[in-house]
Amino acid sequence: MSAQGGITAALGNVSEDDWHWHMYDTVKGSDYLGDQDAIEFMCRNAPSAVYELEHMGLPFSRLDNGKIYQRPFGGQSQNFGGEQAVRTCAAADRTGHALLHTLYQRNIAARTQFFDEFYALDLIRDQDGYVLGVSAMEIETGRPWLFESRVTLLATGGGARIFRHSTNAHINSGDGLGMALRAGLPLEDMEFWQFHPTGIPEIGSLITEGVRGEGGYLLNKDNERFMPRYAPHAQDLASRDVVSRAIAQEILAGRGCGPHGDFVYLKVDHIGADTIKERLPGIRELSMQFAGVDPCEAPIPVTPTAHYMMGGIPTNLHGQVVAPERYGPEEGVPGLYAVGECACVSVHGANRLGGNSLLDLVVFGRAAGNHAIEYLRDNPIPRKLPADASDLAAGRLARWDRPTGGERVPALRAEMQRILQEHCGVYRREDLLKAGIEKLNGVEARLADAVIDDHSQVFNTARLEALELENLLPIARATLVSALARTESRGAHSREDYPDRDDDHWLRHTLYSLANDQLDYKPVRLKPLTVETFQPKARTY
Amino acid sequence: MSDALNRLRWRCQRGMLELDHILRGFLDTAYPDAAPATQRAFEALLAMADADMLDLIMGRTEARSAEMADLLILLRRHE
């Protein structure tokens, strides 16, 4: 909420810029795991996508000369690693909100029919692999529905609610990912999750880097300013992954604060109450509301907090879901598309740059729409629904109608979140990951006997939470299993026991499938569409 | 649980984490015993867009009615 946000495009309104420089930054930021053809496609198409949004009416902030306002973000450079670039377009501090409204208005104009209070349960897939729609539940009545469609596009967001500490709203339960896994499709690169270093414990609200930019610094329980030990030069202003790892190290070493030793303090009161009120008013509001602390008087408790999922449902440049079906690792799944955080095209690779997530969903959302139009033209006749189209969803719904007696869903969800936080957080290690999988096996076994107390039909949120947990658990499993197998450190995936990046063995994407926790791999697409490959090299800033 | 309360619980699920916490906290702890005017103000609040709602709760914009102003005080207390 407090993030400044924006959408990155090399418009060159503030500093000289080039889409090719944006591409370089994105490839480097991804720690060379991003597919370079997809990254070129995204960065090349970024300016036209932003102008299209502008013409639709998105109220971008403006420079004095009337052009779209752009601000500098971390990881942005001119001339392939040179001076800081100013590349991220913004509509004040609510770009995502403005984008949502602009696109919603376009849908109204196009007379799109919304089924607002419906919850998608599962994909309907026939024996030839075609996706023919989804099963769903009407939330107001509890009634099951089948939506028959020649094209289905998943835009269901990420699943960072698998972690105890998450910046994500509660609706981010990764439903599309669960649907994909149950339909026999793999998830790509699920070991890569971005952690923001300074979230408020339990709540998850972000305390922006701007606090440290104004002179704030981190303290452990011994009142020691510890960042100079980890980043002697940049100290508290080091990059997100570096600061997150440092905080995690302090907590693991028993130097965390609070009764459970699971956070550190961000001290900022020394810059003075007037300065805080003038320059950080929003952060002060957040801290007082959600941490119960006025930063003018006391330090803010913070901890690394799961923020963004780099992996997801594998897609190609057209937003079409791809899977190793019969002839190769990237065969299109007919009738199925995925866009946004739930998808992995992969432009973010092992680490996402700020400003690239809105761009990802806009560029590939448009590409998916264009491809879907062609697909519908080429496939004008609906295929016959399989006789068992509703069986999976009906079974899932009926399962939660059992009488009460077993464990409750919220307790199991909390346990899963604790397991992921403790065993697959900022730092990973073989023994920790294996123990995490064992514990998760136990939670999954107990889910089989779990119950909900409310069996009513109207807006039954207890049932929804149970169905969401059925999606979160396989995402948690995919994360743990994928993280255990990747014996290197790359981007957001930090293995204590394998601290170095290993391009000889791991310049490849993970593909996790639910059946027997199967892992497959496919090579990173190092060849861009038209330009030369950016060869992997050490990622330093 | 009553259908009406379930409906409100559903509407407390928002696109912002901070709103999830504030709204669910209030619904679970204070709403059932709140005065009818406060309950009506809460239902009116839930009809707002996320960003507008947060501006109100954080005090960046002013409530347009006394009932809403009273509700906002309670919401901030019950997070």
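For the structure, check the block above.
Predicted model only: the values in this text are computed from it and were never measured.

Thresholds applied
- Residues numbered from 1 in each chain as written.
- Chains lettered and ligands numbered in written order.
- Predicted model: local features only at pLDDT ≥ 70, side-chain atom pairs only at ≥ 80, totals over all residues.
- Heavy atoms only, no water.
- Helix = DSSP H or I, 4+ residues; strand = E, 2+ residues; numbered from the N terminus.
- Buried < 20%, exposed > 50% of the residue type's maximum accessible area, 1.4 Å probe, protein only.
- Pairing = 2+ DSSP bridges.
- Axes fitted to C-alpha atoms, helices over the stretch in contact; angles between N-to-C directions.
- Contact = heavy atoms within 4.5 Å.
- Parallel < 35°, antiparallel > 145°, perpendicular 65-115°, else oblique.
- Left-handed = near helix turned anticlockwise from the far one by under 90°.
- Nonpolar A, V, L, I, M, F, W, Y, C, P; charged D, E, K, R; others polar.
- Polar contact = N/O pair within 3.5 Å; in protein donor to acceptor, adjacent residues only side chain to side chain.

Draft legend 1. Up close: unusual backbone geometry. Residue and element names in this part refer to chain A. The step from V345 to S346 runs through a cis peptide bond, and the omega angle for that step is 0 degrees. Counting through the fold element by element, S346 comes out in the loop between β16 (343-344) and α10 (356-378). Despite not being glycine, R111 shows a phi value in the positive range, around 60 degrees. Residue position: R111 is located in the loop between α3 (95-109) and β4 (118-125). You can call R111 exposed: its relative accessible area is 76%.

Draft legend 2. Region of the structure containing the sheet that holds strand β15 (residues 331-338) of chain A. Residues and elements named next belong to chain A. Within the open sheet, the 3 strands sit side by side as β7-β15-β14. Their pairing is mixed. A single partner strand is all that each edge strand has here, and the edge strands are β7 (152-154) and β14 (320-323). Within the sheet, the average angular offset between the axes of one strand and its neighbour, ignoring direction, is 55 degrees. Contacting β7, β14 and β15, α10 runs over the sheet at an angle of about 120 degrees to β15.

Draft legend 3. Seen up close, the packing of helix α11 (residues 391-399) of chain A against helix α14 (residues 461-485) of chain A. Residues and elements named next belong to chain A. Taken N-terminus to C-terminus, the directions of α11 and α14 make an angle of 125 degrees; their axes are 10 Å apart at the nearest point. Compared by their axis directions, α11 and α14 come out oblique. You can see that α11 and α14 cross each other, and the crossing is right-handed. Contacts between α11 and α14 involve R396, L397 and R399 from the former and R463, L467, E470 and N471 from the latter. Broken down by class, the residue content of the contact of α11 with α14 amounts to 2 nonpolar, 1 polar and 4 charged.

Draft legend 4. Representation of the side chain of R428 of chain A. Residues and elements named next belong to chain A. In this structure, R428 sits in strand β17 (residues 427-428). Of the polar contacts made by the side chain of R428, one reaches the backbone oxygen of E191; its length is 2.8 Å. At a separation of 3.3 Å, a polar atom in the side chain of R428 contacts the main-chain carbonyl oxygen of C424. Among residues more than four places away in sequence, those in contact with R428 are E191, W193, F195, L433, A483, H493, S494, R495, E496 and D497.

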